[in-house]
Amino acid sequence: MAKIEPTVLPAAHADKPLTASPASAPASTAPLPAETMTASQADTTDPRKLDQLSRIEDKTARIEEKFARYEAVLTRAEASLERSAHKVDAAAGTMDFAAIRGEVAALRARIDSTPRVGTLFVTAIVTALLTVALTVLVLRFGVPGLFGSLLIR
């Protein structure tokens, strides 16, 4: 945004009152650009107008300071928002850890439900005994309808 500098009317127009809006001002009271004012015109300006100009400059400086304060507040708010976003990301990562923790717990429950060493040994012994008994019965009595006794009587 370009900075607009106020201009002071020459002393020739000091007897005419200033108007509130430039559109309602007559063409003869239009402000002259700063480049067209000569040194003699600047020396003859009314001190009240220079005082008014200094008050305008003071107001402008206060507005700029207020803008700088608002800008600092907004910068701090932006930083706070960014910190909050990082916290949300961290919380989302923690939620992923919770899901992994749940899967590990389910896997542990599944492993806990599998038979232990004792159960496996008992199953192996029972299986071996039943296999020996069935083998002896087949050798002694045979399989009905296929072949007779395989052992000599």
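Residues numbered from 1 in each chain as written. Predicted model: local features only at pLDDT ≥ 70, side-chain atom pairs only at ≥ 80, totals over all residues. Heavy atoms only, no water.

Peer 1: Teacher, can you tell me more about the overall build of the chain here?
Peer 2: Along the backbone of the chain there are three helices and zero strands. Along the chain direction, N to C, the helices and strands of the chain fall in the order α-α-α. Considering only intrachain contacts with a sequence separation of at least 6, the fraction spanning at least 24 residues in the chain is 47%. Summing over all exposed atoms, the chain offers an accessible surface of approximately 13300 Å²; the carbon and sulfur share of this is 67%. (Helix = DSSP H or I, 4+ residues; strand = E, 2+ residues; numbered from the N terminus. Contact = heavy atoms within 4.5 Å. Areas by Shrake-Rupley, 256 points an atom, 1.4 Å probe, with all protein chains shown as cover.)

Peer 1: Just checking my understanding: could you explain the pattern of salt bridges for this structure?
Peer 2: As a working rule, side chains carrying opposite charge can pair if their charged atoms are close by. For the structure shown, the criterion picks out three salt bridges. The residue Asp51 makes a salt bridge to Arg55 at a minimum N-O spacing of 2.7 Å. A residue pair is termed a helical-turn pair when its members lie 3 or 4 positions apart in one helix, as Asp51 and Arg55 do in helix H2 (residues 47-112) at four residues. Classification of Asp51 as partly exposed rests on a relative accessible area of 39%. Take Arg55: its relative accessible area is 46%, and that puts it in the partly exposed class. A salt bridge links Arg116 to Asp112; the shortest N-O distance between them is 3.5 Å. Classification of Arg116 by relative accessible area gives partly exposed; the value is 46%. Accessibility expressed as a relative area gives 46% for Asp112, which makes it partly exposed. (Salt bridge = Lys/Arg side-chain N within 4 Å of Asp/Glu carboxyl O. Buried < 20%, exposed > 50% of the residue type's maximum accessible area, 1.4 Å probe, protein only.)

Peer 1: How should I be thinking about helix H3 (residues 117-141) in this particular structure?
Peer 2: Because an α-helix completes one turn every 3.6 residues, residues spaced three or four positions apart along the sequence face the same direction. Taking 1.5 Å of rise per residue, 25 residues should cover 36 Å, and H3 covers 36 Å from first to last C-alpha, within 8% of that figure. With its phi angle positive at about 75 degrees, Gly142 sits one or two positions after the end of H3. (Expected span 1.5 Å × (residues − 1).)

Peer 1: Can you walk me through a positive patch on the surface in this structure?
Peer 2: A grouping of Lys59, Arg62, Lys66 and Arg69 is seen on the molecular surface, where their side chains present a positively charged patch. By secondary structure assignment, the location of Lys59 is in helix H2. Lys59 sits in the exposed class, given a relative accessible area of 52%. (Patch = residues over 30% accessible without salt bridge, like charges linked within 9 Å, V, L, I, M, F, W, Y side chains within 5 Å. Lys, Arg positive; Asp, Glu negative; His and termini not counted. Charge placed at Lys NZ, Arg CZ, Asp CG, Glu CD.)

Peer 1: When you look at a nonpolar patch on the surface in this model, what are you seeing that I'm missing?
Peer 2: Side chains of Phe97, Ile100 and Val104 sit close together on the surface and give an oily, nonpolar patch of about 290 Å² of accessible area. Structurally, the position occupied by Val104 is in helix H2.

Keep in mind that these numbers describe shape and distance, not what the molecule does.
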